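Chain by chain, the residues run as shown.
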Amino acid sequence: MTAQTETPGSVTAVYKVSGMSCGHCEGSVSSEIAEIAGVSSVKAVASTGEVTVVSGIPLDEATVRAAVDEAGFELVGTA
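These figures come from a predicted structure and were not determined experimentally.

S.K.: Please clarify how the pairing of strand 2 (residues 10–18) should be interpreted in this entry.
M.R.: Within a regular strand, the side chains alternate between the two sheet faces. Pairing analysis gives six bridges linking strand 2 to strand 4 (residues 50–55), with the strands arranged antiparallel. When the sheet's bridge partners are listed, Tyr 15 is paired in strand 4 with Val 51. As paired elements, strand 2 and strand 5 (residues 74–78) share four bridges and run antiparallel to each other. Bridge pairing links Ser 18 to Glu 74 in strand 5.

Here you go:
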């Protein structure tokens with residue numbers, strides 16, 4: 001099940017990422033995902049392992065997975 005909420009002009013998706021344990025981890029994941037075309041905001045929370053992404057269009061999960069991998073973490077799926 002995909003946790004996406006559509007509002008006019010934007011899509012919000014919540015992903016589960018394993019391995020984040022601190023603010024630096026949050027920043028690394030956020031920075032990589034923010035580079036994906038169409039992403040307008042990213043909020044990573046290490047304590048819950050959740051990353052909330054707002055974008056102009058629905059994102060391809062493989063693209064998000066690649067960004068999370070680049071940051072050194074693992075995308076578990078959607079929350």
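From this point, things continue past the structure.
S.K.: Whenever I open this one, the packing of helix 1 (residues 23–34) against helix 2 (residues 61–70) confuses me. Can you help?
M.R.: In helix packing, the relevant descriptors are the interaxial angle and the interaxial distance, both defined with respect to the helix axes. Packing of helix 1 against helix 2 brings their axes to within 8 Å, and their N-to-C directions diverge by 140 degrees. Here helix 1 is positioned oblique relative to helix 2, judged by the angle of their axes. In the packing of helix 1 onto helix 2, the handedness of the crossing is right-handed. Residues Val 29, Glu 32 and Ile 33 of helix 1 pack against Val 64, Ala 67, Val 68 and Glu 70 of helix 2.

S.K.: How should helix 1 be read in this particular structure?
M.R.: Every α-helix carries 3.6 residues per turn, so stepping three or four residues along brings you back to the same face. Counted at 1.5 Å a residue, the expected span for helix 1 with its twelve residues is 16 Å, and the 16 Å between its end C-alpha atoms agrees. In the core, the buried residues of helix 1 are packed alongside strand 3 (39–45), strand 4 and helix 2.

S.K.: Got a minute to help me understand the pattern of salt bridges in this structure?
M.R.: Opposite charge on two side chains makes pairing possible when the charged atoms of those side chains draw close. As enumerated under the stated definition, the model contains one salt bridge in all. We note a salt bridge from Glu 61 to Arg 65, for which the minimum N-O separation is 2.9 Å. Taken as a pair, Glu 61 and Arg 65 lie in helix 2 at a separation of four residues, close to a single helical turn.

Cut-off values and rules
Residues numbered from 1 in each chain as written. Predicted model: local features only at pLDDT ≥ 70, side-chain atom pairs only at ≥ 80, totals over all residues. Heavy atoms only, no water. Pairing = 2+ DSSP bridges. Helix = DSSP H or I, 4+ residues; strand = E, 2+ residues; numbered from the N terminus. Axes fitted to C-alpha atoms, helices over the stretch in contact; angles between N-to-C directions. Parallel < 35°, antiparallel > 145°, perpendicular 65-115°, else oblique. Left-handed = near helix turned anticlockwise from the far one by under 90°. Contact = heavy atoms within 4.5 Å. Expected span 1.5 Å × (residues − 1). Salt bridge = Lys/Arg side-chain N within 4 Å of Asp/Glu carboxyl O.

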